[in-house]
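# Observations on the model geometry
Chain residues, written in single-letter form:
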Amino acid sequence: MPLRLYNTLTRQKVPFKPLDPLSVRLYACGPTVYDHLHIGNGRMLIVFDVLFRLLRHVYGEAHVKYVRNITDVDDKINARAAERGVDIRVLTDEMTHVFQEDATALGCLPPTAEPRATDHIAEMIALIERLIAKGHAYVAENHVLFDVPSMPAYGKLSKRPLDEMIAGARVEVAPYKRGPMDFVLWKPSIPGEPGWESPWGHGRPGWHIECSAMSWKHLGETFDIHGGGIDLLFPHHENEMAQSCSAFGHDIMAKVWMHNGFLQVEGEKMSKSLGNFVTIRELLTTDKFGGRSWTGEVLRLAILRTHYRQPIDFTVKALEEAEETYEKWFDAISSAAHLLTTLGMDDNAQVPDSVLQPLQDDLNTPAVIAVLHELHAKARANYRAASQLNASLEILGIHIPDKDFLKGYFRAAPWPDDQSDGLNNDVAYLAYMDDIERLRTARNAARAAKNWAEADRIRDELAAMGIAVKDNKDGTTTLERKR
Ligand code: AMP
Ligand code: ZN
């Protein structure tokens, strides 16, 4: 089945045909770096990372470009930098560093390019000059404004009724605007605010022109997919499209527009005033959410349980369930990895079609996860299912530690050399490991109940299977192959 994506522009799910299959181009609106990212931003990072991974799988790693910008000039940044008494670059460098570490912890690949707005002021100025020259923008009181009525297709993306758009635009009523919906491309900076020299005086860019300039520079005048959270549909994406189409004279900026749904926390909109605002960093390193910290893998799996276009309710319960699932899968994969290493076999499992199909159907990750549960159920008796589970988790970006680590993890159930002739298939081996695991659990329970006689009996039973038991000072038990 070919890849199908829901296009917000046409409100339809259609087969995806890249403009150039040798260079598939994706742009997503990245964060404004004035503070640590919240988990809603994390959703956007994860969703477009899954898309990036899938495109790489379908078209080849060398043939996909993913650009995710960093907005590092913005009123919120100015206010925060002033509050802290630092230069905006100091603040945005620090926040960019934290954000990149968070994205890595969430299992996101580095995009092909991560342009910063302030490194593209020249491109923004060039684009604005083009818009003025073509009659799509005008200068008024040191501002440059986009002339919305000059673009008849305006509103095509967000499909908002005109009166709603006018009402939305009225938030910024300014006497120098010719039309109520006209929006700022360039504005003056007062002393103390960051600014750059331009043909219209010392000033700074409007937010929307940043993305038109950065996508142009890194992906060209038109490209395949433009993404971001649904909050950006209007006015940000509508305005980006108006700018790029008007400047370059094309009908489209991107062929497909994709929007992830919003994330809310325990049934409520996330907000600082409600006290339910939680950053990725806090989830990873503090006990603020649910009284404990969570791994990036669990956060990612919890997010992917919901289809990307649906709203997500982010709850402690969902994280607990995701963790339980991750641990089950981890155990199955580590057993299989151990088995393969022991048998000297290569793990060359591919992502099965049963996983690719729902993933290619507009990134239906909940359906993918259902298939992964089926693979896991088979994995007990079939290491190939476990290997396929592993390959499938890789395309979802859910990290399972590498084989060397897994070998160590599974040292508790070593392959019995003296019995290996009789155990030449994986079913028998897994049954053998199950027995050991069952005995280990039973012995721990006996020890907890201070039933020393039973604990000793189980130790002897394990010894007969070639396993030595070592009780550690901290209460844990290590199993080792008897030498
Ligand atoms: P911002 O830094 O607010 O511009 O957001 C960066 C990215 O995260 C954008 O693509 C937003 O659409 C997205 N985003 C922001 N808040 C949320 C949320 N609560 N749920 C999902 N996506 C969000
Ligand atoms: Zn943007």
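Cut-offs used in this document
- Residues numbered from 1 in each chain as written.
- Chains lettered and ligands numbered in written order.
- Predicted model: local features only at pLDDT ≥ 70, side-chain atom pairs only at ≥ 80, totals over all residues.
- Heavy atoms only, no water.
- Pairing = 2+ DSSP bridges.
- Helix = DSSP H or I, 4+ residues; strand = E, 2+ residues; numbered from the N terminus.
- Axes fitted to C-alpha atoms, helices over the stretch in contact; angles between N-to-C directions.
- Polar contact = N/O pair within 3.5 Å; in protein donor to acceptor, adjacent residues only side chain to side chain.
- Salt bridge = Lys/Arg side-chain N within 4 Å of Asp/Glu carboxyl O.
- Buried < 20%, exposed > 50% of the residue type's maximum accessible area, 1.4 Å probe, protein only.
- Donors = N, O, S within 2.8 Å, 3.2 Å for Na, K, Ca; no water.
- Tetrahedral: all angles 85-135°; square planar, octahedral: opposite > 155°, others 65-115°.
- Near = heavy atom within 4 Å.
- Areas by Shrake-Rupley, 256 points an atom, 1.4 Å probe, with all protein chains shown as cover.
- Nonpolar A, V, L, I, M, F, W, Y, C, P; charged D, E, K, R; others polar.
- Phe/Tyr/Trp six-rings, centres within 6.5 Å; stacked < 30°, edge-to-face > 60°.
- Core = buried A, V, L, I, M, F, W, Y, C linked by side-chain atoms within 4.5 Å.
- Domains from an automatic or database assignment.
- Contact = heavy atoms within 4.5 Å.
- pLDDT = per-residue confidence, 0-100.

## Re the sheet that holds strand S6 (residues 143-146)
Paired through their backbone hydrogen bonds, the strands of a sheet run either parallel or antiparallel. Taken in spatial order, the 4 strands make up an open sheet running S5-S6-S7-S8, and their pairing is antiparallel. Of all the strands in the sheet, the pair left with one neighbour each is strand S5 (137-140) and strand S8 (203-205). Put simply, the sheet's adjacent strands are angled 20° from each other on average, direction ignored. By the bridge criterion, 4 bridges tie S5 to S6 in an arrangement that is antiparallel. Residue pairing in the sheet places Tyr 138 in a bridge with Leu 145 of S6.

## Things to note about the environment of Asp 471
Structurally, the position occupied by Asp 471 is in strand S14 (residues 467-471). Among the polar contacts made by the side chain of Asp 471, one reaches the side chain of Arg 443 at a distance of 3.0 Å. Polar side-chain contacts of Asp 471 include one of 3.3 Å to the side chain of Arg 447.

## Some points on the pattern of salt bridges
Taken as a whole, this structure holds 29 salt bridges when the rule is applied. Note that Glu 101 is salt-bridged to Arg 281, the shortest N-O span being 2.9 Å. Here Glu 101, found in helix H3 (residues 88-105), pairs with Arg 281, found in helix H8 (residues 280-285); they are 180 residues apart in sequence, far enough to count as distant. By relative accessible area, Arg 281 is classed as partly exposed at 21%.

## Examining the coordination of the zinc ion (ligand 2)
Donor atoms from the polypeptide that bind the zinc ion (ligand 2) are Cys 29 (SG), Cys 211 (SG), His 236 (NE2) and Glu 240 (OE), placed at 2.1 to 2.4 Å. Given 4 donor atoms and angles of 75 to 128° at the metal, the environment of the zinc ion (ligand 2) is assigned as irregular. Mapped onto the sequence, the donors of the zinc ion (ligand 2) take the spacing C-x181-C-x24-H-x3-E. Taken together, the residues Cys 29 in the loop between strand S3 (24-28) and helix H1 (39-59) and Cys 211 in helix H6 (residues 207-219) connect sequence positions 182 residues apart.

## Here we look at the site of ligand 1
Neighbouring residues of ligand 1: 16 residues in total, closest Cys 29, Thr 32, Gly 229, Asp 231 and Leu 263. Gly 229 is positioned with one of its backbone polar atoms (N or O) 3.0 Å from an oxygen atom of ligand 1. In isolation ligand 1 exposes 480 Å². Once the protein is present, 88% of that is buried. Among the elements of the structure, H1 and strand S9 (223-229) are those that each provide at least two residues to the shell around ligand 1. The element that contributes the greatest number of residues to the shell around ligand 1 is H1, accounting for 3 residues. Of the residues contributing to the shell around ligand 1, the split by class is 6 nonpolar, 9 polar and 1 charged.

## Quick look at the packing of aromatic side chains
Using the criterion set out here, one finds 8 aromatic pairs in the structure. Pairing Phe 146 with Phe 183 gives two aromatic rings, centres 5.0 Å apart and planes at 15°, and the pair type is stacked. Placement of the pair is Phe 146 in strand S6 and Phe 183 in strand S7 (residues 183-188), with a sequence separation of 37 residues. A single burial state applies to Phe 146 and to Phe 183, both of which are buried.

## Focus on the nonpolar core
Buried together is how nonpolar side chains tend to be arranged in soluble globular proteins. Membership of the largest hydrophobic core comes to 85 residues, with the highest contact counts inside it found for Leu 55 and Phe 314. Looking at which domains feed residues into this core, each of domain 1 (4-260) and domain 2 (285-407) gives three or more. Among residues more than four places away in sequence, those in contact with Phe 314 are Ile 39, Leu 263, Gln 264, Val 265, Glu 266, Leu 283, Phe 289, Leu 299, Ile 303 and Leu 319. Judged by nonpolar contacts, the second largest core, of 43 residues, contains Ala 117, Leu 131, Met 151 and Ala 213.

## Considerations on the sheet that holds strand S13 (residues 312-314)
Sheet architecture is open: 3 strands sit in the order S12-S11-S13, paired in mixed fashion. Every other strand in the sheet has two partners, leaving strand S12 (268-269) and S13 as the edge strands with one partner each. As judged from the 2 bridges shared by strand S11 (residues 263-265) and S12, these two strands associate in the antiparallel manner. Following the sheet pairing, Gln 264 is matched in S12 by Lys 269.

## Some thoughts on helix H9 (residues 296-304)
Of all the 9 residues making up H9, 9 are buried; the element is thus mostly covered by neighbouring parts of the structure. Those residues of H9 lying buried are Gly 296, Glu 297, Val 298, Leu 299, Arg 300, Leu 301, Ala 302, Ile 303 and Leu 304.

## Observations concerning the pairing of S7
Of the strand pairs in this sheet, S6 and S7 are connected by 3 bridges, and their pairing is antiparallel. Bridging across to S7, Val 144 finds its partner in Trp 186.

## Looking at the confidence of the model for the protein
Within the protein, residue pLDDT values average 89, and 89% of them lie at 70 or more. Here residues 404-425 is modelled with pLDDT under 50, and outside its nearest four sequence neighbours on either side it reaches 46 contacts, counting other chains as well.

## Considering the environment of Val 50
Examined against the element boundaries, Val 50 turns out to sit in helix H1. The sequence separation of Val 50 and Leu 363 amounts to 313 residues, and the corresponding C-alpha distance is 8.0 Å.

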